[in-house]
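# Chains, contacts and geometry: an overview
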Amino acid sequence: QKEAPDEEPRVKNEQPGVEGAQMDVDEEPRTQNQGVGVERVPKPALSEKEKREYIQNRLVLYDVEAKYMQSILDNKVPGVLFKLRNDGARQLDRVTVTIYFKDSNGKVIYEEEFNPVFVSQFSIGNSKPLKPGHIWQIESGKFYSAKSVPSEWKEGSIVAKISEIKFSEDAQ
């Protein structure tokens, strides 16, 4: 008996390695271990809301200072100093701090991002995560330089905020 021409035939395939298992070709294939033992399911990435709440309630950005500082190579350059404290229970592999530089009228005229905590397989030097209860501070005698800040910047006039984080267990 022939099938109707507008109806596609449903093909059944034997799934290798699973005795007696059959599936329709339009179904997702099942793994051999489905329903048996423990299956690892990746953790869902944290939502932007959860990250914002952690930044707002568990991370502290303090001792922020922006002024012209003496650089060995470039003489006087806009420099930034700050500290970070992780009051939460999660370890962080990345923290991005954005500094907004303002002119004498209080208008933001430039912004620059810094990554004081940045752990990756490509990291060079001392790239440690920010553990719960720990404080990050730049090495003594060093600062972040912001060489591209326009000359209209009013020294000391900035807004600093933690703009992005990555928890240690998040996927790369």
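Please refer to the structure higher up on the page.
This structure is a prediction, so every number in the text was calculated from the model and none was measured. The numbers attached to residues start from 1 for each chain and follow its sequence in the written order. Where local features are concerned, this predicted model is filtered to residues with pLDDT of at least 70; where side-chain atom pairs are given and counted, the filter is 80 or more; whole-chain, interface and lining totals use all residues. Only hydrogens and water are removed before side-chain values are computed, so all heavy atoms of the structure are retained for them.

Now for the overall build of the protein. Secondary structure assignment for the protein yields one helix and nine strands. Each helix and strand of the protein, ordered N terminal to C terminal, gives the series β-β-α-β-β-β-β-β-β-β. Burial analysis of the protein (172 residues in total) assigns 28% to the buried set. Within the structure as shown, the protein displays about 12600 Å² of accessible surface, and the carbon and sulfur contribution to it stands at 47%. By definition, any uninterrupted DSSP run of H or I lasting at least four residues is a helix, any uninterrupted run of E lasting at least two residues is a strand, and each is numbered from the N terminus. Each residue's exposure class comes from its accessible area (1.4 Å probe, protein chains only) as a fraction of the maximum for that residue type: buried when under 20%, exposed when over 50%, partly exposed otherwise. Residue-level accessible areas treat just the shown protein chains as cover; the underlying method is Shrake-Rupley with a 1.4 Å probe.

Okay, the pattern of salt bridges next. Take a side-chain nitrogen of Lys or Arg and a carboxyl oxygen of Asp or Glu: if they are within 4 Å of each other, that pair is a salt bridge. Scanning the model with the defined rule gives eight salt bridges in all. Its salt-bridge partner being Lys-67, residue Glu-65 comes within 3.0 Å of it at the nearest N-O pair. Residue classification places Lys-67 among the partly exposed residues on the basis of a relative accessible area of 34%. Between Arg-94 and Glu-164 there is a salt bridge, with the nearest N and O atoms lying 3.8 Å from each other. In this pair, Arg-94 sits in strand E5 (residues 92-103) while Glu-164 sits in strand E9 (residues 153-167), placing the two residues 70 residues apart along the sequence. The exposure class assigned to Glu-164 is partly exposed, which follows from its relative accessible area of 22%. Three or more residues are tied together by salt bridges with common partners; here these are Lys-51, Arg-94 and Glu-164.

Turning next to the packing of aromatic side chains. Between two aromatic rings, the relevant description is the distance of the centres plus the angle of the planes. Pairing of aromatic rings covers Phe, Tyr and the six-membered ring of Trp, with a centre-to-centre limit of 6.5 Å; geometry is then stacked below 30 degrees between planes, edge-to-face above 60, and tilted otherwise. Going through the model one piece at a time under the given rule, you end up with eight aromatic pairs. Ring centres of Tyr-68 and Trp-153 lie 5.2 Å apart, and the angle between their planes is 55°; this geometry places the pair in the tilted category. In this pair, Tyr-68 sits in strand E3 (residues 59-71) while Trp-153 sits in strand E9, placing the two residues 85 residues apart along the sequence. Here Trp-153 falls in the buried class, since its relative accessible area comes to 4%. Through a chain of ring-to-ring contacts, three or more aromatic side chains come together here, namely Tyr-68, Phe-101, Tyr-110 and Trp-153.

This next bit is on unusual backbone geometry. The backbone phi angle of Asp-63 is positive, close to 50°, even though this residue is not glycine. Looking at where Asp-63 falls in the secondary structure, it is placed in strand E3.

The next point concerns the nonpolar core. Side chains that are nonpolar tend, in soluble globular proteins, to be buried together. For this analysis, a nonpolar core means a set of buried residues of the types Ala, Val, Leu, Ile, Met, Phe, Trp, Tyr and Cys, connected via side-chain atoms within 4.5 Å. If you look at the biggest cluster of nonpolar residues, it comprises 24 residues, and the most contacted ones within it are Leu-84, Val-95 and Ile-165. Of all the elements in the fold, those that place two or more residues in this core are helix H1 (48-58), E3, strand E4 (75-86), E5, strand E6 (108-118) and E9. Here the element with the most residues in this core is E5; it accounts for five residues. Contact partners of Leu-84, with chain neighbours within four places excluded, come to Val-60, Leu-61, Tyr-62, Val-95, Val-97, Pro-116, Val-117, Leu-130, His-134, Ile-135, Trp-136 and Ile-162. Throughout, a residue-residue contact means that at least one pair of heavy atoms, one from each residue, lies within 4.5 Å.

Relative to the elements of secondary structure, Ser-168 occurs in the segment after E9. Looking at Ser-168, its side chain comes within polar contact range of the side chain of Asp-93, at 2.9 Å. Leaving out residues up to four positions away in the same chain, Ser-168 has contacts with Gln-91, Leu-92, Asp-93 and Pro-129. For the purposes of these results, a polar contact is taken to be a pair of N or O atoms within 3.5 Å, where, inside protein, one atom must be able to donate a hydrogen and its partner to accept one; residues adjacent in sequence count only when each atom of the pair is a side-chain atom.

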